[in-house]
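Here is how the chains run, residue by residue.
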Amino acid sequence: MDTLQTENKVIEDLKAPAITKKPTNRPAMQIYRPPGLRSDGSSTTPAATTSSSTKPKPAAGQKLSSSDCDTNVTSQILKEENNNKKDCGESTSSRASSRASNNVSSDDRHTNGSLKRTESSLSSESTPSSQKSYGSNSNKLNGQHVGGGAHQQYNKRINSTKKENQKKKVMSEHEIEKAITELRALQLHSHASQIEQWIGGAFCDEELAECIGSALCRHAIEGGGGSGVGKLCANFKYAPSIGSFVKGLIIALSQYLECRHKIREDHFRMWISFIQFLTELYSNLGSDSKGELATIVFDVFNYLLRPPILEHVKIQELECLISILIKGGYDLERECPDRLALLKDLIRDAFIDVSEPWARKMILLLLELGASSWKLPTDANEYYFNETAT
């Protein structure tokens, strides 16, 4: 019995290390790290291998002791862990390398595909665009050539139409007969022969036109028929010598304007005829005077709407100024807008400075004409002129 018990104890002692817990000299488990951050475990494995290799192997048929069993078990466990770690590292590295290679290959395929697409798109688009650009350049060149020809043709058409219009804008037989009748009706005995020569030459003589223009201006102002003679002068708007005719009128008007103060004081009727004649001339022949008639008009406003004449202005003079703006305000605004803006300022200042109520009301009418596009409404006409007359 004792022998059996001792043998059982020996067997249990031999089996006990395999069943008991692992020895304390077993290395601690390491935390898993990615392959790039993992440290090589060569420091532990060689020691284990050397320690295990330095120990002598038991002879054949010799039983292993408990310490040998423990060392064998631990070496096997360490080998298995190292193998597992190596397998995991190799698998993860292989997966990472395969992913990287896949990504690189996919990127290469993508870039190659995009390059191929861009090259194909560029090659497909370059040919039409180059053809288009070449076509557009050729069209531009052709357009310049053709456009230049078209522009020349257009200018030729404009010039031809202008010539046709100029040819059309000649005095008709009715206008010629009317002008001759009214001109002879004035009975300018001092210039009768010159008038007949001008008529016989179909109003083409420049010197005669200038002379007759000056004669008509003097007759209109001194004879007292300013508005009537001004309308007669409008009949010669399309005469061949209209430039010289207007030149003679302006020369005579300038001479009277230089003597305006004396004429106004001594010959007030002539002064009113002067303004009336100027009004008709500018409304009918202002475009043919090259701004010279407009200059005379502004000079008349500056003379009448500034002190000391403003304090002694007459109602007839203000009526003439109103008539000038009604008949020629649009032409003044189109021909010389800057000077017209200064004239509006002058009218405003005159409205403030004038002392007579009726004069202030008529100057206010001048302001309203500028604000209403040079047209006077019927109610304003009745308000201003009926009350002014009463």
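Rules of the game
Residues numbered from 1 in each chain as written. Predicted model: local features only at pLDDT ≥ 70, side-chain atom pairs only at ≥ 80, totals over all residues. Heavy atoms only, no water. UniProt positions renumbered as here; feature names shortened; annotations may be inferred. Helix = DSSP H or I, 4+ residues; strand = E, 2+ residues; numbered from the N terminus. Buried < 20%, exposed > 50% of the residue type's maximum accessible area, 1.4 Å probe, protein only. Contact = heavy atoms within 4.5 Å. Areas by Shrake-Rupley, 256 points an atom, 1.4 Å probe, with all protein chains shown as cover. Core = buried A, V, L, I, M, F, W, Y, C linked by side-chain atoms within 4.5 Å. Domains from an automatic or database assignment. pLDDT = per-residue confidence, 0-100. Axes fitted to C-alpha atoms, helices over the stretch in contact; angles between N-to-C directions. Parallel < 35°, antiparallel > 145°, perpendicular 65-115°, else oblique. Nonpolar A, V, L, I, M, F, W, Y, C, P; charged D, E, K, R; others polar. Phe/Tyr/Trp six-rings, centres within 6.5 Å; stacked < 30°, edge-to-face > 60°. Expected span 1.5 Å × (residues − 1). Bend = angle between axes of the 7 residues up to and from the residue. Salt bridge = Lys/Arg side-chain N within 4 Å of Asp/Glu carboxyl O. Polar contact = N/O pair within 3.5 Å; in protein donor to acceptor, adjacent residues only side chain to side chain.

Named according to an unreviewed UniProt entry, the chain is MIF4G domain-containing protein originating from Caenorhabditis tropicalis. Within the UniProt record for the chain, the comment given under Subcellular location (unreviewed entry) is "Cytoplasm".

1. Brief notes about the overall build of the chain
If you tally the helices and strands in the chain, you get 15 helices and 0 strands. Taking all 390 residues of the chain together, the buried fraction comes to 29%. Long-range contacts, defined here as pairs at least 24 residues apart, represent 71% of the contacts in the chain between residues at least 6 apart. Accessible surface, the chain as shown: approximately 25,300 Å² in total, 54% of it carbon and sulfur.

2. Quick notes on the nonpolar core
Ranked by internal contacts, the top residues of the largest apolar core, which has 76 residues, are Leu216, Phe236, Phe245, Leu253, Phe274 and Leu305. Residue-level mapping places this core at the junction of two domains, with at least three residues from each of domain 1 (170–280) and domain 2 (286–389). For Leu305, the contacting residues outside a window of four places in its chain are Leu310, Leu318, Leu321, Leu346, Ile347, Ala350, Ile363 and Leu366.

3. As for unusual backbone geometry
Among all residues save glycine, negative phi is the norm, and among peptide bonds the norm is trans. Of note, the bond from Pro307 into Pro308 is cis; its omega dihedral lies within 30 degrees of zero at 5°. The topology assignment puts Pro308 in the loop between α11 (292–304) and α12 (315–335). Within the chain, Trp374 stands out as a residue other than glycine whose phi angle is a positive 65°. Along the polypeptide, Trp374 turns up in the loop between α14 (357–371) and α15 (378–389).

4. Things to note about the confidence of the model for the chain
Here the chain averages 73 in pLDDT, while 54% of its residues score no lower than 70. Taken as a whole, residues 100–108 scores under 50 in pLDDT and shows 2 contacts with residues more than four places along the chain or in a different chain. Under a pLDDT of 50 for its full length, residues 110–147 has, in the predicted model, 11 contacts with residues more than four places off or in other chains.

5. Quick notes on the environment of Glu311
Its location among the elements puts Glu311 in the loop between α11 and α12. The partly exposed category is assigned to Glu311, whose relative accessible area is 38%. For Glu311 and Asp353, which are 42 residues apart along the polypeptide, the C-alpha to C-alpha distance reads 8.7 Å. When sequence neighbours within four positions are dropped, the list of residues in contact with Glu311 reads Asp353, Val354 and Ser355.

6. A short note on the packing of helix α4 (residues 173–185) against helix α5 (residues 192–200)
Helix-helix packing is described using two parameters, namely the angle between the two axes and the distance between the axes. Orientation of α4 relative to α5, taken along the N-to-C sense of each, is 175°, at an axis distance of 11 Å. Classified by the angle their axes make, α4 and α5 are roughly antiparallel. Within the contact between the two elements, α4 uses Ile180, Leu183 and Arg184 and α5 uses Ile195, Glu196, Trp198 and Ile199. Residue composition of the contact of α4 with α5, grouped by class: 5 nonpolar, no polar and 2 charged.

7. Quick notes on the packing of aromatic side chains
What the rule picks out here adds up to 7 aromatic pairs. Here the aromatic rings of Trp198 and Phe236 are separated by 5.0 Å at their centres, their planes lie at 35°, and the arrangement is tilted. With Trp198 in helix α5 and Phe236 in the loop between α7 (226–233) and α8 (242–258), this residue pair connects regions lying 38 residues apart in the sequence. Assigned by exposure class, Trp198 and Phe236 land together as buried. Between Trp271 and Tyr303 the ring centres are 5.7 Å apart and the planes differ by 75°, which places this aromatic pair in the edge-to-face class.

8. Considering α12
Look at α12: 28 Å from first C-alpha to last across 21 residues, which is about the 30 Å you get at 1.5 Å a residue. Most pronounced at Gly328, the bend in α12 amounts to some 70°.

9. Notes on the pattern of salt bridges
Summed over all chains, the structure comprises 7 salt bridges. Where salt bridges share partners, they join Arg264, Glu265 and Glu317 into one cluster.

10. Quick word on the side chain of His191
Note that His191 resides in the loop between α4 and α5. Here Ser190 takes part through its side chain, which lies 2.8 Å from a polar atom of the side chain of His191. Apart from residues lying up to four places away in sequence, His191 is in contact with Cys211, Ala215 and Arg218.

11. What to know about the side chain of Asp331
As for its position among the elements, Asp331 is in helix α12. There is a polar contact of 3.2 Å between the side chain of Asp331 and the side chain of Arg334. Those residues in contact with Asp331 that lie beyond four places of it in its chain are Tyr282 and Ser283.

12. Looking at the environment of Lys290
Checked against the element boundaries, Lys290 lands in the loop between α10 (268–285) and α11. Relative accessible area serves as the criterion here: at 80%, Lys290 is assigned to the exposed category. Here the alpha-carbon distance between Lys290 and Glu335, two residues 45 residues apart in the chain, equals 9.3 Å.

13. Focus on the packing of helix α6 (residues 206–223) against α10
Two numbers describe how α6 lies on α10: the axes approach to 7 Å, and their chain directions differ by 135°. One finds that α6 runs oblique with respect to α10. In this structure, α6 contributes Cys217, Ala220, Ile221, Glu222 and Gly223 to the contact, and α10 contributes Arg269, Met270, Ser273, Phe274 and Phe277. Looking at the contact of α6 with α10 residue by residue, the class counts come to 6 nonpolar, 2 polar and 2 charged.

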